[in-house]
Amino acid sequence: SAVALRKLLIPPAAQPGESFDERQARVREAEQEYWRKATVFSETLLGPVAGDLKAKRLLIVPDGALQYISFAALPIPARGDDVRPLMLEYEISLQPSASILAMLRSRVDKPADKAIAVFADPVFELDDSRFETGPRQTLAANPPRDATMERALRDVNISWNTGHIPRLLASREEARAITALTPFSTNFKAIDFEANKAAFTSLDLSQFRIIHIATHGILDSKHPELSGLLLSRFDKDGRPKEGFLRLDDIYNLSLSATMVVLSACNTGLGKDVRGEGLVGLVHGFMYAGTSRVVASLWKVDDDATAQLMTHFYREMFQAGKSPAAALRAAQIEMWEQKRWRSPYFWAAFVLHGDYEGRVND
């Protein structure tokens, strides 16, 4: 099935007592199994229309379980033993539904003066090295509680019980590399304690053509209202701050950005609503006013995501490509490097919405 196929792309968790070499062998075995099953899946799904795929752009309106797979990582059909991913030949974008695509194409993007607003590397825990010793010693014994966030985390991971939220250190370099591609006066970068919910919701986001958020994403397919993005939970003095940007907060935004990039885990998923696709973070940002959202289909690798996003923005800002073309070029660049060749590292991110136009005009 499509869901089982997606699971094969996610490296298996380490087992107790397992050596590094043993785990790597299981990872390789899972990837080989993915290509075997993905070839059969692609032939079944795309094989009947392979002769008609003459254009270089594929617009896909997936339904049901098909919304959980990366079409970019499916093998090109009708190629025999030549197993190569679809993105090597096609520019791919997903559409929530035909009606939403029509709405997005009719929307007129308002011109924005500035290029990009980036939120990255938030502070999640009191043991973070960015704190002075005082606050974390004082507050560590009685950490603040966010009941809504904790319920969301438990719904997504039943083993999570007010556990530790890991820092995404590579997102800091990701933010630096992205903003370095544009003049200082045209970007906004919030990292560390400044990457908080109050800053995000109070910033005049209409000034920016792109909004980029690099953090942990929470996707609750049973209760989509509990989905959201995690931002800084403390100020620099260790005082707790509300750090959970919930789905209803996103619906209440007023955006004019031509694109939102959710450089986080599972941000492209949601609750399947017949005729509307997956209702989640992508749907929320589109409702708030953006025409395009780049989001992920699984828990992404921190370092690989930083690499992919740097390539993605370089293709847009320096090569002048559309977001769909830039994402494809970035994925190809990752595919061509031995370290990042596995689809797990580059295939999670997909473009939803309007596939034409450039974001840096």
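Residues numbered from 1 in each chain as written. Predicted model: local features only at pLDDT ≥ 70, side-chain atom pairs only at ≥ 80, totals over all residues. Heavy atoms only, no water.

Caption draft 1: Structural view of the packing of aromatic side chains. Under the criterion given, the structure shown has 13 aromatic pairs. Arranged with centres 5.8 Å apart and planes meeting at 50 degrees, the rings of F119 and F188 form a pair that is tilted. Of this pair, F119 sits in strand 3 (residues 114–122) while F188 sits in strand 4 (residues 187–192), and the two are 69 residues apart along the sequence. Taking 6.1 Å as the distance between ring centres and 90 degrees as the angle between the ring planes, the aromatic pair formed by W335 and W346 counts as edge-to-face. Of this pair, W335 sits in helix 11 (residues 323–335) while W346 is found in helix 12 (residues 343–346), placing the two residues eleven residues apart along the sequence. Like W335, the residue W346 is buried in the burial classification. Chaining the aromatic ring pairs together yields one cluster made of Y34, W35, W335 and W346. Between K56 and the ring centre of Y90, over which it is positioned, the NZ or CZ distance is 5.7 Å. (Phe/Tyr/Trp six-rings, centres within 6.5 Å; stacked < 30°, edge-to-face > 60°. Helix = DSSP H or I, 4+ residues; strand = E, 2+ residues; numbered from the N terminus. Buried < 20%, exposed > 50% of the residue type's maximum accessible area, 1.4 Å probe, protein only. Lys NZ or Arg CZ within 6 Å of the ring centre and 35° of its normal.)

Caption draft 2: Seen up close, the nonpolar core. Judged by nonpolar contacts, the single largest core of 61 residues is most densely connected at L74, F312 and Y313. With near-sequence residues (within four places) excluded, Y313 lies in contact with I116, I178, L181, I210, H212, V261 and Q318. Of all hydrophobic cores here, the second largest spans 27 residues; its members include L245, L262, F285 and A295. (Core = buried A, V, L, I, M, F, W, Y, C linked by side-chain atoms within 4.5 Å. Contact = heavy atoms within 4.5 Å.)

Caption draft 3: Focus on the sheet that holds strand 8 (residues 244–246). If you trace the three strands from one edge of the open sheet to the other, you get 6-7-8, paired in antiparallel fashion. The strands lining the two open edges of the sheet, one partner per strand, are strand 6 (217–218) and strand 8. Two elements, strand 6 and strand 7 (residues 228–230), share two bridges in a ladder whose sense is antiparallel. For G217, the partnering residue across the bridge sits in strand 7 and is L229. (Pairing = 2+ DSSP bridges.)

Caption draft 4: Structural context of the confidence of the model for the protein chain. Per-chain confidence: the protein chain averages 80 in pLDDT, with 81% of residues scoring 70 or above. Counting contacts from residues 154–161, a segment whose pLDDT is below 50, to residues more than four positions away or on other chains yields eleven contacts. For the stretch residues 267–279, pLDDT sits under 50, and the model shows 52 contacts to residues farther than four places along the chain or on other chains. (pLDDT = per-residue confidence, 0-100.)

Caption draft 5: Region of the structure containing the pattern of salt bridges. Under the definition given, this model contains 20 salt bridges. Across the pair R36 and E33 runs a salt bridge whose closest N-O atoms are separated by 2.4 Å. Of this pair, R36 and E33 both sit in helix 2 (residues 20–45), three residues apart, which is roughly one turn of the helix. Judged by its relative accessible area of 47%, R36 is partly exposed. (Salt bridge = Lys/Arg side-chain N within 4 Å of Asp/Glu carboxyl O.)

Caption draft 6: Looking closely at the pairing of strand 3. Within strand 3, eight of the nine residues are buried, which leaves it mostly tucked inside the rest of the structure. Pairing geometry for strand 3 and strand 5 (residues 208–214), over six bridges, is parallel. Looking at the pairing, A120 lines up with A214 of strand 5. Where strand 3 meets strand 4, six bridges bridge the pair, whose relative direction is parallel. Counterpart to F119 in the pairing with strand 4 is A190.

Caption draft 7: Expanded view of the environment of V282. Within the secondary structure, V282 is located in helix 9 (residues 281–288). C-alpha separation for the pair V282 and V294, spaced twelve residues apart in sequence, amounts to 8.1 Å.

Caption draft 8: Representation of the environment of A198 within the structure. Tracing the backbone shows A198 in helix 7 (residues 197–202). Taking relative accessible area as the criterion, A198 reaches 45% and is therefore assigned partly exposed. Between the C-alpha atom of A198 and that of L231, which follows or precedes it by 33 residues, the distance is 9.5 Å.

Caption draft 9: Spatial organisation of helix 6 (residues 170–179). For helix 6, the buried fraction is high: seven of the ten residues fall into the buried class. Here helix 6 has its buried residues at A170, S171, E174, A175, A177, I178 and T179. Contacts from the buried residues of helix 6 go to strand 3, strand 4, strand 5, strand 9 (259–263) and helix 10 (302–317).

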